[in-house]
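Single-letter residue listing:
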Amino acid sequence: MAARIFCRDLCAERGEPASGLGPSSKSYVLLHWPRGDWRVPRIKSHGMSEGLGQAILAANAAGIHVALVDGDDIGFTHQDTVRDHVTPEEAEQLLMHIAGGGVLEGIHDPRLTIVCCTDGKQDPCCARYGFATWKALRQEADPNRFRILQSTHLGGCRFAASLVVLPQRARYSRLEPLQVGDFLNCLEQGIPYLPAYRGNPSYDAPAQTAEIALLEWAGQRGIAGDVTLHKTESDISNPDQVHFHATIGTQHATVTVGRPEFAVNTRCVTIGEPAGTKNVARWVATSVLAEN
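What counts and how
Residues numbered from 1 in each chain as written. Predicted model: local features only at pLDDT ≥ 70, side-chain atom pairs only at ≥ 80, totals over all residues. Heavy atoms only, no water. Helix = DSSP H or I, 4+ residues; strand = E, 2+ residues; numbered from the N terminus. Buried < 20%, exposed > 50% of the residue type's maximum accessible area, 1.4 Å probe, protein only. Contact = heavy atoms within 4.5 Å. Expected span 1.5 Å × (residues − 1). Arc of directions from axis to C-beta. Polar contact = N/O pair within 3.5 Å; in protein donor to acceptor, adjacent residues only side chain to side chain. Core = buried A, V, L, I, M, F, W, Y, C linked by side-chain atoms within 4.5 Å. Phe/Tyr/Trp six-rings, centres within 6.5 Å; stacked < 30°, edge-to-face > 60°. Lys NZ or Arg CZ within 6 Å of the ring centre and 35° of its normal. Disulfide = S-S within 2.5 Å.

Engineer: Before we go on, may I ask you to explain the environment of Ala 62 in this structure?
Structural biologist: With respect to the helices and strands, the residue Ala 62 is situated in the loop between helix H2 (50-61) and strand S2 (64-70). Accessibility expressed as a relative area gives 22% for Ala 62, which makes it partly exposed. Once the C-alpha coordinates of Ala 62 and Ser 25 are considered, the two residues, 37 residues apart in sequence, prove to be 9.5 Å apart. Setting aside chain neighbours within four positions, we find Ala 62 in contact with Lys 26 and Ala 99.

What follows is the structure, given as structure tokens:
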């Protein structure tokens, strides 16, 4: 029997970067829902009322990502505040409150929360790669410092394992189980784990790409410090190229990013379909040059 082909592997083999996918949602709500009851779309999950589904859509419209999560019994989370137990009716009211700009009243959880997509109903890559990484995280993470959850779709099945670190909103992709130890060490130090980092969650895609390139360049030279980026005008003759004046610590540099196209399959079901493979423009760094 031929080995199964996964969209994640195809896109990685074609060289599509997992970084620089644009800003994260402005905040995340984590709603406890048993993994066996998840459905696609999530608002049709088993046992979910129409009112709660509509509240999830209202939160989404307000820029809030609502993830159904499993891994502990905490009922409802927003930012770093938790409620241990909520009924579906209470969850509906809380979501509408937060969507309207309200603040969740509850208990402060000082731990970093790592949410890992394992939503096999969305795509087989999320089950195959996401579950393996989630399992490694559960085995290696100190539960006093990290809260490890599996979740519904986080975006980008072909980048599995896909994760979000909260409350920072930092997104990571293609994190392998063998990388989990280094990943956790970086998070404890308050620095991004560059091999899987998607970039500053508040930056747009080209700025994220430039930031990662600068951090990698600086790391190779033993340079550390805060990063600042200032976008210059795009080349008039080439709108798919952007230059940034960048600073890390006291070092100044110019970072150039371009936007080539990659052949991608966004989900496994598209593999082999006549129109399943698409060309997608993605930002990549082309140079980092030190400035005097």
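Let's pick the thread back up.
Engineer: Hey, could you run me through H2 in this one?
Structural biologist: An α-helical turn contains 3.6 residues, so a residue and the one three or four places further along point in the same direction. Compared with an ideal rise of 1.5 Å per residue, which puts twelve residues at 16 Å, H2 spans 17 Å between its outermost C-alpha atoms and is within 8% of the ideal. Leu 52, Gly 53, Ala 55, Ile 56 and Ala 59 are the residues of H2 that are buried. Looking straight down H2, one finds that the buried residues subtend no more than 160° of arc, so they occupy a single side. Every exposed residue of H2 that faces more than 90 degrees away from the buried side is listed here: Glu 50 and Ala 61. Tucked into the core, H2 has its buried residues touching strand S1 (27-32), S2 and helix H3 (88-99). Positioned one or two residues after H2, Gly 63 has a phi angle of 85°, which is positive.

Engineer: Teacher, can you tell me more about the side chain of Arg 171 here?
Structural biologist: Here Arg 171 lies in strand S9 (residues 170-172). Separated by 3.1 Å, the side chain of Arg 171 and the backbone oxygen of Leu 154 make a polar contact.

Engineer: Help me understand the nonpolar core, please; the structure alone is not making it clear to me.
Structural biologist: Burial of nonpolar side chains together is a common tendency in soluble globular proteins. With 42 residues, the main nonpolar core has Ile 114, Tyr 172, Phe 183, Leu 214 and Val 255 as its most contacted residues. With nine residues, the single largest contributor to this core is helix H6 (residues 205-220). Not counting chain neighbours up to four residues away, the residues in contact with Val 255 comprise Ala 210, Ala 213, Leu 214, Val 242, His 243, Phe 244, Ala 246, Ser 287 and Val 288. Counting 19 residues, the second largest nonpolar core, distinct from the first, contains Leu 31, Ala 55, Ile 64 and Phe 76.

Engineer: Explain the packing of aromatic side chains to me, please; I cannot follow it from the model alone.
Structural biologist: Two aromatic rings are characterised by how far apart their centres lie and by the angle between their planes. Tallied over the full model, the rule gives five aromatic pairs. Judged by centre distance (6.0 Å) and plane angle (80°), the rings of Phe 6 and Tyr 129 are edge-to-face. With Phe 6 in the segment before helix H1 (7-13) and Tyr 129 in helix H4 (residues 124-140), this pair connects stretches of sequence that are 123 residues apart. Per residue, the accessibility class of Phe 6 equals that of Tyr 129, and both read buried. Among the aromatic residues, ring-to-ring pairing joins Tyr 172, Phe 183, Tyr 193 and Tyr 197 into one connected group. Of note, Arg 8 hangs over the ring of Tyr 129, and the distance from its end group to the ring centre comes to 4.1 Å.

Engineer: Help me understand the state of the cysteines in this model?
Structural biologist: Disulfide: a covalent bond formed between the sulfur atoms of two cysteine residues. In the structure shown here, the tally under the stated rule is zero disulfides. The thiol of Cys 117 is unpaired, and the distance to the nearest cysteine sulfur, on Cys 126, comes to 3.7 Å. Cys 117 sits in the buried class, given a relative accessible area of 2%. You can call Cys 126 buried: its relative accessible area is 3%.

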